[in-house]
Amino acid sequence: MKYLRLVLLSLIFMSSSLVWAGRILPKDIHIVVLKKAAGRQVVVGTATKAWLRTLSLGLVKGNKTLLLSRAVRIHDKNNRFVTYNNLSRFVDETIAVRVDRANQIQEIWVLTDEEQDALVRPNNPQVE
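Take the overall build of the protein next. Looking only at helices and strands, the protein features three helices and six strands. Put simply, the protein runs from its N terminus to its C terminus through helices and strands in the order α-β-β-α-β-β-β-β-α. Taken over 128 residues, the protein has a buried fraction of 30%. When contacts within the protein are restricted to residue pairs at least 6 apart in sequence, those whose partners lie at least 24 apart make up 61%.

Here it is as structure tokens:
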């Protein structure tokens, strides 16, 4: 009987701890669209309609090439870690990136539809 209680309590504890594994995005992120990923180089573009792209009739795309840092962490939509070799699966998706002082990507989150609706606005920072 004692072991049954212990097993039951451990199951309750383990199932309740999954609720705490939420996804919290930091405040110093940039919202961009992943255009291309090859090796450690990543090409990103603006997530919103940029006025320069509109005025140039789409000729100026506003893309920027960035490098991934050696300790990059990539989170997919389910908040699982993905290696940077699998980053090409998320081309043309809206992502949130955090860059370090050397302007290398330190962390990437592939955004869900709800996060995109909440975060993609004209006043959110883009990668400069």
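Here the focus is the confidence of the model for the protein. Looking at the protein as a whole, the pLDDT averages 79, with 74% of positions reaching at least 70. Across the protein, the element-wise mean pLDDT spans from 50 in helix α2 (residues 51-55) up to 94 in strand β6 (residues 104-110).

Another point: the side chain of Glu 107. By the secondary structure assignment, Glu 107 is in strand β6. Only 2.9 Å separates the side chain of Glu 107 from the side chain of Arg 73, close enough to count as a polar contact. A polar side-chain atom of Glu 107 sits 2.6 Å from a polar atom in the side chain of Arg 98. Leave out the neighbours within four places in its chain, and Glu 107 touches Val 72, Arg 73, His 75, Ala 96, Val 97 and Arg 98.

On to the pattern of salt bridges, then. Under the defined criterion, the tally for this structure stands at six salt bridges. Linking Glu 107 and Arg 73 is a salt bridge whose minimum nitrogen-to-oxygen distance equals 2.9 Å. Of this pair, Glu 107 sits in strand β6 while Arg 73 sits in strand β3 (residues 64-75), and the two are 34 residues apart along the sequence. Owing to a relative accessible area of 6%, Glu 107 belongs among the buried residues under this scheme. For Arg 73, a relative accessible area of 37% puts it in the partly exposed group. A salt bridge links Asp 76 to Arg 80, with the nearest nitrogen and oxygen atoms 2.9 Å apart. Accessibility expressed as a relative area gives 6% for Asp 76, which makes it buried. Linked through salt bridges whose partners overlap, the residues forming this network are Asp 28, Arg 73, Arg 98 and Glu 107.

Rules behind the numbers
- Residues numbered from 1 in each chain as written.
- Predicted model: local features only at pLDDT ≥ 70, side-chain atom pairs only at ≥ 80, totals over all residues.
- Heavy atoms only, no water.
- Helix = DSSP H or I, 4+ residues; strand = E, 2+ residues; numbered from the N terminus.
- Buried < 20%, exposed > 50% of the residue type's maximum accessible area, 1.4 Å probe, protein only.
- Contact = heavy atoms within 4.5 Å.
- pLDDT = per-residue confidence, 0-100.
- Polar contact = N/O pair within 3.5 Å; in protein donor to acceptor, adjacent residues only side chain to side chain.
- Salt bridge = Lys/Arg side-chain N within 4 Å of Asp/Glu carboxyl O.

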